[in-house]
Amino acid sequence: MTLGFVGTGHITVAMVEGLCSAPLPGEGIVVSPRNAANAAMLAKRFTNVTVAPDNQGVVDASDIVFLAVRPPVASEIVRGLRFRSTQTVISLVALHPREEMRALTQPAAVLVRAVPLPSAARRLGPIAYFPHDETVEALLARVGTPVAAPDEAAFHRLWSLTGLISPFAALIEEWQGWAEAGGVGREAAEQYVRAFVHCLADMAQDLPPVELAKRAATPGGINEQALRFLREKDGLAPFRGALDSVFARMNAPKPR
Ligand SMILES: NC(=O)c1ccc[n+]([C@@H]2O[C@H](COP(=O)([O-])OP(=O)(O)OC[C@H]3O[C@@H](n4cnc5c(N)ncnc54)[C@H](OP(=O)(O)O)[C@@H]3O)[C@@H](O)[C@H]2O)c1
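Residues numbered from 1 in each chain as written. Predicted model: local features only at pLDDT ≥ 70, side-chain atom pairs only at ≥ 80, totals over all residues. Heavy atoms only, no water.

1. Describing the site of the ligand
Among the 20 residues in the neighbourhood of the ligand, the closest are listed as His10, Arg34, Asn55, Val69 and Arg70. One of the backbone N or O atoms of Ile11 is found 2.9 Å from an oxygen atom in the ligand. Note that an oxygen atom of the ligand is positioned 3.5 Å from one of the backbone N or O atoms of Leu92. Protein chains shield 76% of the accessible area of the ligand, which is 890 Å² for the free molecule. Elements with a contribution of two residues or more to the shell around the ligand: α1 (10–21) and α4 (71–79). (Near = heavy atom within 4 Å. Polar contact = N/O pair within 3.5 Å; in protein donor to acceptor, adjacent residues only side chain to side chain. Areas by Shrake-Rupley, 256 points an atom, 1.4 Å probe, with all protein chains shown as cover. Helix = DSSP H or I, 4+ residues; strand = E, 2+ residues; numbered from the N terminus.)

2. Notes on the side chain of Glu100
Within the element layout of this structure, Glu100 appears in helix α5 (residues 98–104). Residue classification places Glu100 among the buried residues on the basis of a relative accessible area of 13%. Within the structure, the side chain of Glu100 is placed 3.0 Å from the side chain of His96, a separation counted as a polar contact. (Buried < 20%, exposed > 50% of the residue type's maximum accessible area, 1.4 Å probe, protein only.)

3. Describing the domain arrangement of the protein chain
Per the domain assignment, the segments making up the protein chain are domain 1 (2–148) and domain 2 (164–250). Domain 1 and domain 2 are separated by 34 Å when their C-alpha centres are compared. (Domains from an automatic or database assignment.)

Okay, structure coming up:
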C-alpha cells in the first residue's frame, strides 16, 4: 500500500514522522514537492519516503491520499487533480465539508475527513474522523487514537475541542503564576505544574472524567472545596462559551 500527501506542511510532517516510527511501518509514502524543505527533509530521514514531481504524481502513486493543504487554496488544488475509483481520500482540510471534497475527488471510492494533532509525530492524541471506515481507522490508529464521529456536526464538535490547546496552556500558566506570586520560584513552579498536568493526563487514561472528579473529591477535602467554589461561580461556563464560538465558525459559510 502506498500513502500519499498533497501538501507537505506541518501536519504532513507530523503524520509522516508518526507513521515512519510506528511498529510495522514499511509502506511507501509519497509527498508533494511543496513545502520543498519539508519534503527533502522527510525523504532524507526516511528511506520509504519519496517526493513526487507534482501533486498529480502523488495521487497517481497512492492508494490512500491525504489532502493537507490550507483551506483557502484547497478547492482549487484538489479540483485540478484526477483520482481513481479504487482510491481512499482522507481530507485533513479544515472548513471544507465532506460533500464538497467528495465531489472534487470523484470517482474515488471513499472520502473521510480527519483531524490529527501535531502530536501524531509521537503517535499520541485523539484523531476525530468521519465517517467510519475500517481501513482508515486502522491507519489512523498507528499515529493516535481514532474517534469516529457519527455525523459531520459531531465531527465539527470534536474538531472544536482542539481549539482548547492554548486555553489549556494558559490555564496551566495561571496555576504556575499563582504559585510564583506566593513565593514559589519560577523554576519550581513550572516543574511542579508540568509534572502535575502529566499525572492528570495519565489519570484521565484510567478513569472517565466524571469518575476522576468524584474520586478526587474526598468529602471535606481540598478538591471538593475547589470544585464547589468553581461550580458556585459557574466558573467552567466560559469553556463552553469558547467551544460554542469555535463551533459556530466551523459551521459558517465555507471558503470556495
Ligand atoms: N497543523 C495542524 O495541527 C492541523 C491539524 C489538523 C488539520 N490541519 C489541516 O491541515 C491542512 C494543512 O495544515 P498545516 O498546518 O500543515 O499547514 P501548512 O504548514 O501551511 O501546510 C500547507 C502546505 O501546503 C503547501 N502548498 C501550498 N500550495 C500548494 C500547492 N499548490 N500544492 C501542494 N502544496 C501546496 C504549502 O507549501 P509552502 O510552504 O511552499 O507554501 C505548505 O507546506 C489545513 O487545511 C489544516 O486545516 C492542520
